[in-house]
Amino acid sequence: MLKLFRYLKNYKLESILGPLGKLLEAIFELIVPIVMARIIDVGIKNEDSSYIYKMCVVLVILAVLGLAVSLTAQFFAAKAAVGFGTELRRDLYKHINTLSHSQIDRLGSSTLVTRMTVDINTAQTGVNMLLRLFLRAPFIVLGALIMALTISVKLTLIFVVFTPLLGLIIYYVTKRTVPMYKDIQKRLDKTTLITGENISGVRVIRAFSRQEDERKRYSESTDELKGIQTLAGRVSAIMNPLTYVFVNIAIMLIIWFGGVSVDAGGITQGEVIALVNYMTQILLSLIRLSELIMSLSKAQASSLRILEIFDTESDLLDEGNQVPHEDKNADAVEFKNVTFSYVSSERSALENISFSVGRGETVGIIGGTGCGKTTLINLIPRFYEVSEGEVLVNGVNVKDYPFKALRGRIGIAEQKAVLFKGTVRENMQWRDKNATDDEITQALEIAQAKDFVFEKDGGLDFMLSQGGRNLSGGQRQRLTIARALVGRPEILILDDSASALDLATDAALRHALAEKTDGMTVFIVSQRVSAIRNADKIIVLDDGSIAGIGSHSQLLKECDVYREICSSQLNVEEV
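In this text, all values refer to a predicted model and were calculated from it rather than measured experimentally.

A word on the sheet that holds strand β4 (residues 388-393). Strand order in the open sheet formed by 4 strands is β2-β1-β4-β5, with antiparallel pairing between adjacent strands. Single-partner strands in this sheet number two, and they are β2 (350-357) and β5 (396-397). Pairing of strand β1 (residues 333-340) with β2 involves 5 bridges; the strand directions are antiparallel. Bridge assignment links Phe-340 to a residue of β2, and that residue is Leu-350.

In structure tokens, the structure reads:
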């Protein structure tokens, strides 16, 4: 957890004032038993009302001062802890966004969400508790022991015996519960995953009437979580009864031997009361110390999970890359002997892929399910790193581009239409923040989205719900295509992004793309032959390898895989 303390660097003053305030509070608290002893031994013994009132005023002043410094310390500790959490959350979010697609796939979205929320909140709580108690609790314990020594060395031996016993109980409880808290976080990840799957897949669950099965799966997961939390709670619950038993025994011994000492004239009655108060203060401080240790144990477990993400260094880096000098005569995109494998896979997703695409060409990519179509086009914006070979854009290896410069040249519309809560205009300005309404309207027109957008109340100001759920699947896809077109990218990638469109709208879209995207290099990934048959070049993939490259007519003659795909979709006249 020490590694995360760097996020307190902007809150150094608060991190000092918080503990100091609690230290002052502890000093005021240690004075109270002495004042009480004086009230009993002087005021009550001598029936001196004015002295009693005077000492009561002192108690009130100590209480007010203690409250004031306590509130001030709480404020500074909370400010530092919240600032710590905010800085950490911001930095972790930034780091996650530097990770490659393969690393995010490997880690899993559910655990990333849990670490961004639950784990950071736990670490933040640990910092808050630390700033409030790491000086106060030990100081109270040591201070009470010292103050007890000034009253009676013999009776302080009771403190010396019982304080370590209380410490051992606390140590045993914390040692048992720390591994449990780590397990709790892991099981929370699983519960979060199931929750996310059920919320995002609610329609599928209902369509197959699997509500009861999913409810059972969720219940099993939460029951496991409940079981480990209950066990941790039971172990933690042992602490208070055991500590209070020993403290009460200690208080009984103090009163017993204190009474004997009072009869012998060794100490006064007020001093006995002071000793009892100091024993109680030690108990309460040790309990607070145990709470601090438990909180820090939870924070430590969460910190290790957070640091695991920070220690995952991105395998896609662009540090030091400058916008390269591009060859104006080079092809728009070129693959040179490219091989790619996913980390979790033993076989290559793509193998020995080589082709070139001239500027302004339209390229169709087709093949069976799982043949590597999406993987291939994901290598152009460098979402993944090639295992072997090179991917060139405008004659420059994609590894030599800064990400912003490379991806700023590319517009992408994926099959799964991802839209964000906000207006249509805000969604359309993702590629170009300064895009005008005219530019947006032109992109909407090409994407066959203009009519339905301007039929909505507000037009470009129409508010989209999360994920664009207030639109149909086809409407969402057309908006993502329009978003990719805004700013006229050099390279346009349509990854099966028209799969939800009817044939007439799909044909109109292809016609508009052919007419109004002059000079733009277009990649169209599709399962439909009709969507790519008029492309300048068609790449046929089969099991991660190129089965054929050429025009529609050439491939019909030379490529068995393409001919088989055509015969399954088109009749003899259409072919």
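Once the structure has been displayed, the description carries forward.
Quick look at the state of the cysteines now. Overall, the coordinates contain 0 disulfides when judged by the stated rule. Among the cysteines around Cys-371, which has no disulfide bond, Cys-559 carries the closest sulfur, lying 11 Å off.

Turning our attention to a nonpolar patch on the surface. Taken together, the side chains of Ile-16, Leu-20, Phe-134 and Leu-135 make up a nonpolar region of the molecular surface, amounting to roughly 330 Å² of accessible area. With respect to the helices and strands, the residue Ile-16 is situated in helix α1 (residues 12-44).

With that settled, the discussion passes to the pairing of β4. Looking down a regular strand, the side chains alternate between one sheet face and the other. Examined bridge by bridge, β1 and β4 share 5 bridges and lie antiparallel to one another. By the bridge assignment for β4, Lys-336 is matched with Glu-390. Hairpin connection from β4 to β5: 2 residues lie between these consecutive antiparallel strands, with Asn-394 at a positive phi of about 55 degrees.

Another aspect to go through is the nonpolar core. Grouped together as the largest cluster of nonpolar side chains are 47 residues, with contacts concentrated most on Leu-444, Leu-479 and Tyr-562. With 5 residues, helix α16 (residues 473-485) is the single largest residue contributor to this core. Once you skip the residues sitting within four places of it in the chain, Tyr-562 turns out to touch Ile-366, Val-529, Ile-532, Arg-533, Ile-538, Val-540, His-552, Leu-555 and Leu-556. Counting residues in hydrophobic clusters, the runner-up holds 41 residues, among them Ala-148, Met-239, Met-279 and Leu-286.

Read from one edge of the open sheet, 6 strands run β6-β9-β10-β3-β11-β12, paired in mixed fashion. The outermost strands of the open sheet, each flanked by one partner alone, are β6 (410-413) and β12 (545-550). Across the sheet, the axes of successive neighbouring strands diverge by a mean angle of 15 degrees, strand direction being ignored. As paired elements, β6 and strand β9 (residues 491-495) share 4 bridges and run parallel to each other. When the bridges of β9 are listed, Ile-412 appears paired with Ile-493. Across the sheet, α16 is in contact with β6 and β9; its angle to β6 comes to roughly 175 degrees.

What follows concerns the packing of aromatic side chains. Summed over all chains, the structure comprises 8 aromatic pairs. Between Phe-420 and Trp-430, the ring centres sit 4.3 Å apart and the planes meet at 10 degrees, which makes this aromatic pair stacked. Highlighted residues: Phe-420 in the loop between β6 and β7 (422-423) and Trp-430 in the loop between α13 (424-428) and α14 (437-446), separated in sequence by 10 residues. For Phe-420, a relative accessible area of 34% corresponds to the partly exposed category. Looking at Trp-430, the relative accessible area reads 52%, which means it is exposed. Linked through ring pairs, Phe-340, Tyr-342 and Tyr-384 together constitute an aromatic cluster. Geometry around Phe-310 places Arg-6 over its ring, the cationic atom sitting 5.9 Å from the centre.

Let us now look at the environment of Gly-487. Along the chain, the position of Gly-487 falls in the loop between α16 and β9. On the basis of relative accessible area, Gly-487 is assigned to the partly exposed category, the value being 39%. It is 48 Å that separates the C-alpha atoms of Gly-487 and Leu-13, two residues lying 474 residues apart in sequence. Apart from residues no more than four positions distant in its own chain, Gly-487 is found in contact with Arg-431 and Asp-432.

About the thresholds
Residues numbered from 1 in each chain as written. Predicted model: local features only at pLDDT ≥ 70, side-chain atom pairs only at ≥ 80, totals over all residues. Heavy atoms only, no water. Pairing = 2+ DSSP bridges. Helix = DSSP H or I, 4+ residues; strand = E, 2+ residues; numbered from the N terminus. Disulfide = S-S within 2.5 Å. Patch = residues over 30% accessible without salt bridge, like charges linked within 9 Å, V, L, I, M, F, W, Y side chains within 5 Å. Areas by Shrake-Rupley, 256 points an atom, 1.4 Å probe, with all protein chains shown as cover. Salt bridge = Lys/Arg side-chain N within 4 Å of Asp/Glu carboxyl O. Core = buried A, V, L, I, M, F, W, Y, C linked by side-chain atoms within 4.5 Å. Buried < 20%, exposed > 50% of the residue type's maximum accessible area, 1.4 Å probe, protein only. Contact = heavy atoms within 4.5 Å. Axes fitted to C-alpha atoms, helices over the stretch in contact; angles between N-to-C directions. Phe/Tyr/Trp six-rings, centres within 6.5 Å; stacked < 30°, edge-to-face > 60°. Lys NZ or Arg CZ within 6 Å of the ring centre and 35° of its normal.

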